[in-house]
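Topology and contacts: notes
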Amino acid sequence: MEKRELEREFHMTGYARNSSVQKKSSDNAKHITLETVQQLYKETRPKSLGIADLGCSSGPNTLSTIRDIIKTVEIAHHRELPNQPLPEFSIFLNDLPQNDFNSIFKTLPDFHMELKRGTKNGVCPAIFIAACPGSFYGRLFPEKTIHFIYSSFSLHWLSKVNSGLFDHQGKSINKGCINICSSSPEAVSKAYYSQFKEDFSMFLRSRSKEVVVAGRMVLIILGREGPDHVDRGMSFTWEILARAIADLVEQGETEEEKLDSYETHFYAASAAQIEGEVNNEGSFELEKLEIMEVEKKDNEDGMSSGELAAKTIRAVQESMLAPHFGEEILDKLFDTYGRMFDEELAKEDIRPEADLLYEMVCQLT
């Protein structure tokens, strides 16, 4: 799928209801985000602070991090410059054009009310919030206008499916798989890695134009532990989805050719690959790279791990699966996915590993 077609189609569905895993992970990493913002403000002390959330989506998580960032800056300001007026905030929310930005804007009155709670005389800084639809694999903002960039659970999504996954006749070389799997030829992992390098380099190059000197980025991205692309983390997630689709092929619900021609635009990079690309591009210094784990386990609502995984994967893949396979098979597909996931989880000798998250702090040099 080409970049422009993917930008038109790809968006989260039901994300507001199915983003608890992302929320928990972002909360676990919040201290690094807020410490970075605090340090940035102490060093730069701008009168107007430009902040961008790239890949913001439209769930309950969208404004919670922004609210915490604003409060952190207020605390730092009162400590550093107690007799000066608060800085203004320019907040830019970015995602692909199909994102439901209107649902975010409907929550802004409550957002502003919550910010006023606990403040002295209900005085808040001036806050300007705008949507910025478009791909972050390219320029989004004017030069030197952004002080802080935050992106969570977004940069593992590639800008397109790499052409190296198809032969000269346009046929898939990754039959029966939808991402890198144990039966994938070596050319498949090379094609995915090549696309990641191209995209991540473009992301860094674009942000280097937009971020002010000494500006910071905090990026949270799904990844993998070592050089092996196939593990019991994210590759397990895609393996189960491919098996669930294959089960529907066997039942005559869909065609094998559709399975063979479907590829997810997702890549779980290793720490060495992330660090290598930051160093190769050269605009940013990697100040910190930390690993967190996202456990695959039952949740508080009584759903099994498989049911939770099915809801999460459906939220991020439905917009791509529906036009390819047809909406009519999706309920059955994800029922099958949840069942297969739980069956694998019950096998004590091959329990899935936790998904790995990399949180990195980058400073413009």
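The following refers to the structure shown.

Thresholds, definitions, all that
- Residues numbered from 1 in each chain as written.
- Predicted model: local features only at pLDDT ≥ 70, side-chain atom pairs only at ≥ 80, totals over all residues.
- Heavy atoms only, no water.
- 1 Å grid on protein atoms, 1.4 Å probe; cavity = no way out; pocket = protein on both sides within 12 Å on 5 of 7 lines; lining within 4 Å.
- Points joined across faces, edges and corners; volume = space filled by probe spheres on them.
- Nonpolar A, V, L, I, M, F, W, Y, C, P; charged D, E, K, R; others polar.
- Axes fitted to C-alpha atoms, helices over the stretch in contact; angles between N-to-C directions.
- Helix = DSSP H or I, 4+ residues; strand = E, 2+ residues; numbered from the N terminus.
- Parallel < 35°, antiparallel > 145°, perpendicular 65-115°, else oblique.
- Left-handed = near helix turned anticlockwise from the far one by under 90°.
- Contact = heavy atoms within 4.5 Å.
- Disulfide = S-S within 2.5 Å.
- Buried < 20%, exposed > 50% of the residue type's maximum accessible area, 1.4 Å probe, protein only.
- Core = buried A, V, L, I, M, F, W, Y, C linked by side-chain atoms within 4.5 Å.
- Expected span 1.5 Å × (residues − 1).
- Salt bridge = Lys/Arg side-chain N within 4 Å of Asp/Glu carboxyl O.

1. Things to note about empty space enclosed by the protein
- Inspection of the entire model under this criterion finds 2 cavities of 30 Å³ or more.
- By volume, the second largest cavity is sized at about 90 Å³.
- If you go around the second largest cavity, the residues you meet are Asn179, Ile180, Arg224, His229, Asp231, Met234, Ser235, Trp238, Phe266, Tyr267 and Ala268.
- The residue inventory of the lining of the second largest cavity, partitioned by class, reads 6 nonpolar, 3 polar and 2 charged.

2. Regarding the packing of helix α4 (residues 62–80) against helix α6 (residues 108–116)
- One way to put it is that α4 packs onto α6 with a least axis distance of 11 Å and a crossing angle of 30 degrees. Our classification of the angle between α4 and α6 gives roughly parallel. Regarding α4 and α6, the two cross each other, and that crossing is right-handed. Packed against α4, whose contacting residues are Leu63, Ile66, Arg67, Ile70 and Lys71, the element α6 presents Leu108, Phe111, Glu114 and Leu115 at the interface.
- Along the lines of polarity and charge, the residues of the contact of α4 with α6 split into 6 nonpolar, no polar and 3 charged.

3. Section: the state of the cysteines
- All chains considered together, the criterion is met by 1 disulfide.
- The disulfide partner of Cys177 is Cys181, and the S-S distance across this bridge is 1.9 Å. The disulfide joining Cys177 to Cys181 has a torsion of about 55 degrees about its S-S bond and is therefore right-handed. When sorted by exposure, Cys177 lands in the same class as Cys181, which is buried.
- In this structure Cys132 is a free cysteine whose sulfur lies 9.7 Å from that of Cys56, the closest cysteine sulfur available.

4. Here we look at the nonpolar core
- Ranked by size, the top nonpolar core spans 67 residues in total, and within it Leu241, Leu333, Phe334 and Tyr337 carry the most contacts.
- Looking at this core, the element that brings in the most residues is helix α8 (residues 234–250), giving 9 residues.
- Each residue touching Leu241, except ones within four places of it in the same chain, is listed here: Ile178, Ile313, Leu333, Phe334 and Tyr337.

5. Here we look at helix α12 (residues 330–345)
- With 16 residues, α12 should reach 22 Å at 1.5 Å per residue; the first-to-last C-alpha distance of 22 Å fits that figure.
- All of the buried residues in α12 are Leu330, Leu333, Phe334, Thr336, Tyr337, Gly338, Met340, Phe341, Glu344 and Leu345.

6. Concerning the pattern of salt bridges
- What the rule picks out here adds up to 16 salt bridges.
- Of the charged contacts, one joins Glu239 and Arg243 as a salt bridge, the two residues approaching to 3.6 Å between their closest N and O atoms. With Glu239 and Arg243 both in helix α8, this residue pair falls 4 residues apart, about one helical turn.

Function cannot be inferred from these measures alone, as they are strictly geometric.
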